[in-house]
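# Coordinate inspection notes
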Amino acid sequence: MMHTVLFIIFAVVCVAAAINLLAQRHPINSALSLIVVMGSLALLYLLLGAEFVAAVQIIIYAGAIMVLFVFTIMLLNAGEEELSKSSRVAIVFGVPAVAVIVAALAYILSRGAGTAALGDFIGGPKEIGRLLFRDFLLPFEVTSVLILIAIMGAVVLARREER
Amino acid sequence: MPTWAQFVLLSAAKSVVVIIILLTAVAYAVWLERKVVGRMQNRWGPTRVGPFGLLQPLADGIKFILKEDIIPTNVYKPLYIAAPMISVALALMSIAVVPFGEQLRFGSFSTPAQITDVNVALLVLLGVTSVAVYGVALAGWSSNSKYSLLGSLRASAQMVSYEASLGLSLIGVLLLSGSLSLREIVNGQSGTYFGFLPRWNFFPQFIAFFVYLTAAFAETNRIPFDLPEAETELVAGYHTEYSSMKFAMFFMAEYTNMFTVACVGTLLFFGGWHGPALTFLPMVVQSFVPLFWFAFKIFLFLFLYIWIRGTLPRFRYDQLMAFGWKVLLPIALANIVLTSLYIGLTTP
Amino acid sequence: MMNTVPISWYLVLSAVLFACGVTGFIIKRNIITIFMSIELMLNAVNLSFVAFAYQWKQLNGEVFVFFVMVVAAAEAAVGLAIIISVFRTRETLSVDKVDLLKL
């Protein structure tokens, strides 16, 4: 019962916030709805026993990536967006098309088997660490290079050119 | 009564008790700060309300509630109202995973002295800290005032920068204790080194402690890192446009964060509630001795906060950023490398 | 007393979130919001990774989530830097107005 109730609560919050992201005109409202989505996703991860992923989701996504977004919005003082002709076309044709695809996907996915109960599978930091530093050591090291490149790219792009 | 109802009731009761104690402690931390800083600057601090000004927090609280709540015309209202709530809610949330002592016993009933015991408590704390930036950032942005915006831009950049050092400084401790649960980390610190030195993580990890302390000062926006507020430059920084209870909420959030930081520092580096056993006391009092040691260590932490406030001047903004990235972060990384080398060489 | 939730519910939720992301990507005209829609899609994918990890009782799925997060972080850093430099030269965030390769 507990699991079902919690799932429904957080799923509803999640979807509502995602739709709010689409409905809001001002980017800061969209960013805040995205943070809500990420927060409730973290709680859903907890329901699936992924403790560590849930914590990292909050720390990295909500606490670092979205801060960057909010920071950029504040820095550029971005105003409300105005809809253009092409975006109206996109709404008229795109939304129904996406809805159809989702309906089809949901139908296919809902035939899948398996149920989730609370607490019978825990992805704690120890197990994940073992996997990450043994089986996935090479990809892990490669990501560090990726991050280094991203940092340098960001610095080069955002730097004001001095003439 | 079903178990889940029991669980909910117990958690709610604990939360209420902890929040009441915490907010009282916050009020008296303000009193303590005014008193101590006053003495350091050759003044008396509050003296008028009650003996030693002890009722001053009460008077302040009444004043905050009764003041008119001004909402300036051009603010972005929903966020302007939400920002202080976000701040204070997140500040209070982080205390939920902090253990205050071992089991509390009332007759046959016993419960851990903690709201929830989470396996990844330390990560939860880091997560809540990292989300706490939003309160400050949104407050400054929604106020639609240049002082607020500057203050909040500074604050968010500062908090994001120092969060990295804060997180990295904890890793040395984690390597030593091999757990993310605060309770297990504390239990790993019982006993002594060489028979006289308490087995606190502070001794092997004093570099990490220095980094933690510095980063924690920056995270809580205290002097010498109180750039976001910097009265002389920015009026009051991100809460310039706030008044009455909304201002009080930011104030509460700041002091609650101080308490959380002090709690985490005590738990990770100073053995939490472990201390001399005080066996001469009667049995009834005995069970509260760990709580007493915990409170005492937190008091020392707070005193250190106030002491530093009374001593150090404020950093300049570029100095702050350079210090965070070029000094603190490398030190934290070096500490991790050294600690893991030590552990790798000593464990067979 | 039903104490379990079908895994498929999580997958459907993930699909719905992904669709929201796609929709946002199509209909939004603010480049920051478009970028946020991409993050939403990545999040939706992460949810299905975690759900599958649960279903097969293997942590590989959860490890994959970390790699997605790392990529998302790198992407956010570079993407936002690009957005800032676009804003500097064009003074707009609307993607419809950024349609020239050279200014």
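Computed from a predicted model, the values in this text were never measured in an experiment.

Looking now at the nonpolar core. Counting 157 residues, the largest nonpolar core has Leu44(A), Val53(A), Met66(A), Phe69(A), Leu122(B), Leu268(B) and Tyr10(C) as the members making the most contacts within it. With 16 residues, helix α3 (residues 51-76) of chain A is the single largest residue contributor to this core. When residues no more than four places from it in sequence are discounted, the contact partners of Leu44(A) are Phe7(A), Phe10(A), Tyr10(C), Leu13(C) and Leu47(C). In this structure, Trp31(B), Val36(B), Val37(B) and Ile306(B) belong to the second largest nonpolar core, which totals 5 residues.

Moving on to the interface of chain B and chain A. The interface of chain B with chain A comprises 23 residues on the first partner and 21 residues on the second. Surface buried jointly by chain B and chain A totals about 1,900 Å² across both partners, of which 78% is contributed by carbon and sulfur atoms. Among the residues chain B hides against chain A, the three largest losses belong to Tyr134(B), Trp141(B) and Leu153(B). Together they make up 32% of the total. Linking chain B with chain A are 0 salt bridges. At the junction of chain B and chain A, the tally comes to 3 residue pairs in polar contact (both at pLDDT 80 or more). For the side of chain B that touches chain A, the elements supplying multiple residues, two or more each, are α4 (121-131), α5 (133-143) and α6 (146-177) of chain B. Per element, the largest residue contribution to the side of chain B that touches chain A is 7 residues, and it comes from α6(B).

A few words now on the pattern of salt bridges. Side-chain pairs of opposite charge can arise where the charged atoms are in close proximity. Residue and element names in this part refer to chain B. Taken as a whole and judged by the stated rule, the model has 4 salt bridges over all chains. In this structure, the salt-bridge partner of Asp 60 is Arg 34, at a minimum N-O distance of 3.2 Å. One end of the pair, Asp 60, is in helix α2 (residues 56-66); the other, Arg 34, is in helix α1 (residues 3-40), and 26 residues separate them in sequence. The class for Arg 34 is partly exposed, based on a relative accessible area of 35%. A salt bridge links Asp 318 to Arg 316; its shortest N-O distance comes to 2.9 Å.

By the definition in use, this model includes 29 aromatic pairs over all chains. For the ring pair Phe100(B) and Phe294(B), a centre distance of 6.0 Å and an interplane angle of 70 degrees mean the geometry is edge-to-face. Separated by 194 residues along the polypeptide, Phe100(B) in the loop between α3 (77-93) and β1 (103-106) and Phe294(B) in helix α12 (residues 289-311) bring together distant segments of the chain. For the pair Phe100(B) and Phe294(B), one class covers both residues: buried. Between the aromatic rings of Phe49(C) and Phe64(C), the centroid separation amounts to 4.9 Å while the plane-to-plane angle is 35 degrees, which identifies the pairing as tilted.

Turning next to the packing of helix α1 (residues 2-23) of chain A against helix α2 (residues 27-47) of chain A. Residue and element names in this part refer to chain A. Two elements in contact, α1 and α2, have axes separated by 8 Å at closest approach and are oriented at 160 degrees. Classified by the angle between their axes, α1 and α2 sit roughly antiparallel to one another. Read as a crossing pair, α1 and α2 show a hand that is left-handed. Taking contact as the criterion, the partners of His 3, Leu 6, Phe 7, Phe 10, Val 13, Cys 14, Ala 17, Ala 18, Asn 20 and Leu 21 in α1 are, on α2, Ser 30, Ser 33, Leu 34, Val 36, Val 37, Ser 40, Leu 41, Leu 43, Leu 44 and Leu 47.

This paragraph deals with the UniProt feature "transmembrane region" (unreviewed entry) in chain C. All names here are of chain C. Cross-referencing UniProt, the feature "transmembrane region" (unreviewed entry) maps to residues 6-27, 34-57 and 63-87 in the present numbering. The distance separating the terminal C-alpha atoms of residues 6-27 is 32 Å; by composition the span is 95% helix and 5% strand. Helix makes up 100% of residues 63-87 and strand 0%, and the two end C-alpha atoms of the span are 36 Å apart.

Attention shifts here to the arrangement of the chains. Counting contacts across all 2 pairs of chains that touch, the top-ranked interface belongs to chains A and C. The two units chain B and chain C are non-contacting; their minimal C-alpha-C-alpha distance is 13 Å.

Turning next to the interface of chain A and chain C. Across the boundary between the two partners, chain A contributes 84 residues, which contact 72 residues of chain C. Buried area between chain A and chain C, both sides added, is near 6,900 Å², and the carbon and sulfur share of it is 77%. Connecting chain A to chain C are 0 salt bridges. Here chain A and chain C share 5 residue pairs in polar contact (both at pLDDT 80 or more) between them. Sorting the residues of the side of chain A that touches chain C by element identifies α1, α2, α3, α4 (85-110), β1 (115-117), α5 (125-134) and α6 (137-158) of chain A as the ones contributing at least two each. Counting residues per element, the side of chain A that touches chain C draws most heavily on α3(A), at 14 residues. Of the residues belonging to the side of chain A that touches chain C, the class tally is 61 nonpolar, 17 polar and 6 charged. Note that β1(A) and strand β1 (residues 4-6) of chain C share 3 bridges and pair antiparallel. Residue pairing across strands places Ala117(A) opposite Thr4(C), the latter belonging to β1(C).

Definitions and cut-offs
Residues numbered from 1 in each chain as written. Chains lettered and ligands numbered in written order. Predicted model: local features only at pLDDT ≥ 70, side-chain atom pairs only at ≥ 80, totals over all residues. Heavy atoms only, no water. Core = buried A, V, L, I, M, F, W, Y, C linked by side-chain atoms within 4.5 Å. Buried < 20%, exposed > 50% of the residue type's maximum accessible area, 1.4 Å probe, protein only. Helix = DSSP H or I, 4+ residues; strand = E, 2+ residues; numbered from the N terminus. Contact = heavy atoms within 4.5 Å. Buried area = accessible area lost by both parts, 1.4 Å probe. Salt bridge = Lys/Arg side-chain N within 4 Å of Asp/Glu carboxyl O. Polar contact = N/O pair within 3.5 Å; in protein donor to acceptor, adjacent residues only side chain to side chain. Phe/Tyr/Trp six-rings, centres within 6.5 Å; stacked < 30°, edge-to-face > 60°. Axes fitted to C-alpha atoms, helices over the stretch in contact; angles between N-to-C directions. Parallel < 35°, antiparallel > 145°, perpendicular 65-115°, else oblique. Left-handed = near helix turned anticlockwise from the far one by under 90°. UniProt positions renumbered as here; feature names shortened; annotations may be inferred. Nonpolar A, V, L, I, M, F, W, Y, C, P; charged D, E, K, R; others polar. Pairing = 2+ DSSP bridges.

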